[in-house]
Amino acid sequence: MFSLSPAFVDIASPNPRSLLDQARSGDAEAFGEICRQHEARLLRQAMTLCGNAAAAEDLAQETLVEAWKCLRKFDGRCQFFTWLCAILLNRFRNSLRVRRPALAADPGEGVESGPDQLLAQQERSARVRQCIAALPSKHQQVIFLRFYVDDSLAEIASALGCSVGTVKSRLFHAMEKLRRMNLHE
């Protein structure tokens, strides 16, 4: 129904609120424009979770289809992209219940030079992902939205339907659990 284009095209578009209102009234073209505005970021977030381009594309596509189905539930208390990321996380978690994919290297790795540094960086990154995957889902959500999506605490609270205090608490407890896991083992 909604396809992801191979490259992000920045088109001068109508007012985002107007597009959202049109999409809510059933205008698939308006929703397609909204998707085009967010597709590159959504694919990056999916790639961060999956570590595999094909799986990331599938996850992003499933997220957009799900967003279209429940668009009327978007209440505007958070940014639309934050809401999309919450759907992305739920879809990803659901896929993990069916199968546990191996954690792959982050697409942004390789900043350090030399094969030894690259290998060490990939090993650290894989260890961090393993530790995050071992956290309860409520802690995984706040870690992902805060550090991978870079949402504010208020945006996270809106996306998850809880208070900012709850987000702070979950973030604190998640970080404490990660420290106790001793990421340097």
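The rules behind each value
- Residues numbered from 1 in each chain as written.
- Predicted model: local features only at pLDDT ≥ 70, side-chain atom pairs only at ≥ 80, totals over all residues.
- Heavy atoms only, no water.
- Helix = DSSP H or I, 4+ residues; strand = E, 2+ residues; numbered from the N terminus.
- Buried < 20%, exposed > 50% of the residue type's maximum accessible area, 1.4 Å probe, protein only.
- Contact = heavy atoms within 4.5 Å.
- Areas by Shrake-Rupley, 256 points an atom, 1.4 Å probe, with all protein chains shown as cover.
- Expected span 1.5 Å × (residues − 1).
- Phe/Tyr/Trp six-rings, centres within 6.5 Å; stacked < 30°, edge-to-face > 60°.
- Arc of directions from axis to C-beta.
- Salt bridge = Lys/Arg side-chain N within 4 Å of Asp/Glu carboxyl O.
- Axes fitted to C-alpha atoms, helices over the stretch in contact; angles between N-to-C directions.
- Parallel < 35°, antiparallel > 145°, perpendicular 65-115°, else oblique.
- Nonpolar A, V, L, I, M, F, W, Y, C, P; charged D, E, K, R; others polar.
- Core = buried A, V, L, I, M, F, W, Y, C linked by side-chain atoms within 4.5 Å.

Asks: Help me out: how do you make sense of the overall build of the protein chain in this one?
Replies: Across its full length, the protein chain holds eight helices and zero strands. In the protein chain, the succession of α and β elements from N to C terminus is α-α-α-α-α-α-α-α. Across the 185 residues of the protein chain, 39% fall into the buried class. Expressed as a percentage of contacts within the protein chain between residues at least 6 apart in sequence, the contacts between residues at least 24 apart total 63%. Taken as a whole, the protein chain presents about 10500 Å² of accessible surface, with 52% of it coming from carbon and sulfur.

Asks: Got a minute to help me understand helix 6 (residues 137-148) in this structure?
Replies: Because each turn of an α-helix spans 3.6 residues, side chains separated by three or four positions end up pointing in the same direction. An ideal rise of 1.5 Å per residue puts 16 Å on twelve residues; helix 6 measures up with 15 Å between its terminal C-alpha atoms. Among the residues making up helix 6, those that are buried are His139, Gln140, Gln141, Val142, Ile143, Phe144 and Leu145.

Asks: What should I look at first to understand the packing of aromatic side chains in this one?
Replies: We describe a pair of aromatic rings using the distance from one ring centre to the other and the angle between the two ring planes. Applying the stated rule across the entire model yields five aromatic pairs. With 5.2 Å between their ring centres and 50° between their planes, Phe74 and Trp83 make a pair best called tilted. Like Phe74, the residue Trp83 is buried in the burial classification. Through a chain of ring-to-ring contacts, the aromatic side chains of Phe74, Phe80 and Trp83 assemble into a single cluster.

Asks: For this particular structure, what's the right way to read helix 8 (residues 164-180)?
Replies: Along its 17 residues, helix 8 runs 24 Å from first to last C-alpha, staying within 8% of the 24 Å computed at 1.5 Å per residue. Here helix 8 has its buried residues at Val167, Leu171, Ala174 and Leu178. Projected down its long axis, helix 8 shows its buried positions confined to an angular sector of 65°, all on one face. Within helix 8, the exposed residues directed more than 90 degrees away from the buried face are Phe172, Arg179 and Arg180. Just downstream of helix 8, Asn182 is the residue with a positive phi angle, here 50°.

Asks: Help me understand the pattern of salt bridges, please; the structure alone is not making it clear to me.
Replies: Between side chains of opposite charge, a pair can form when the charged atoms approach closely. Overall, the coordinates contain six salt bridges when judged by the stated rule. For Glu33, the salt bridge identified is with Arg36, shortest N-O distance 3.3 Å. Of this pair, Glu33 and Arg36 both sit in helix 2 (residues 28-50), three residues apart, which is roughly one turn of that helix. With its nearest N and O atoms 3.8 Å apart, the salt bridge here joins Arg146 to Asp150. What makes Asp150 exposed here is its relative accessible area of 58%. Overlapping salt bridges, with partners in common, bring together Glu62, Glu66 and Arg91 in one network.

Asks: Mind showing me how you'd approach the packing of helix 6 against helix 8 here?
Replies: Close contact between helix 6 and helix 8 brings their axes to 9 Å; oriented N to C, the two are set at 100°. Here helix 8 runs roughly perpendicular to helix 6, going by the angle between their axes. Between helix 6, through Lys138, His139, Gln141, Val142, Ile143, Arg146 and Phe147, and helix 8, the contact on the second element is made entirely by Val167, Arg170, Leu171, His173, Ala174, Met175, Lys177 and Leu178. Of the residues assigned to the contact of helix 6 with helix 8, the class counts are eight nonpolar, three polar and four charged.

Asks: Any chance you could explain the nonpolar core here in plain terms?
Replies: Generally speaking, a soluble globular protein has its nonpolar side chains buried in company with each other. If you look at the biggest cluster of nonpolar residues, it comprises 48 residues, and the most contacted ones within it are Phe31, Leu71, Phe80, Trp83 and Phe144. Taken together, the elements giving at least two residues each to this core come down to helix 1 (16-24), helix 2, helix 3 (53-69), helix 4 (80-98), helix 5 (115-133), helix 6, helix 7 (153-160) and helix 8. Per-element accounting of this core gives the leading share, eleven residues, to helix 4. Non-local contacts of Leu71, meaning those with residues more than four positions away in its chain, are made with Leu20, Ala23, Arg24, Phe31, Phe80 and Trp83.

Read these as geometric descriptors, not functional statements.
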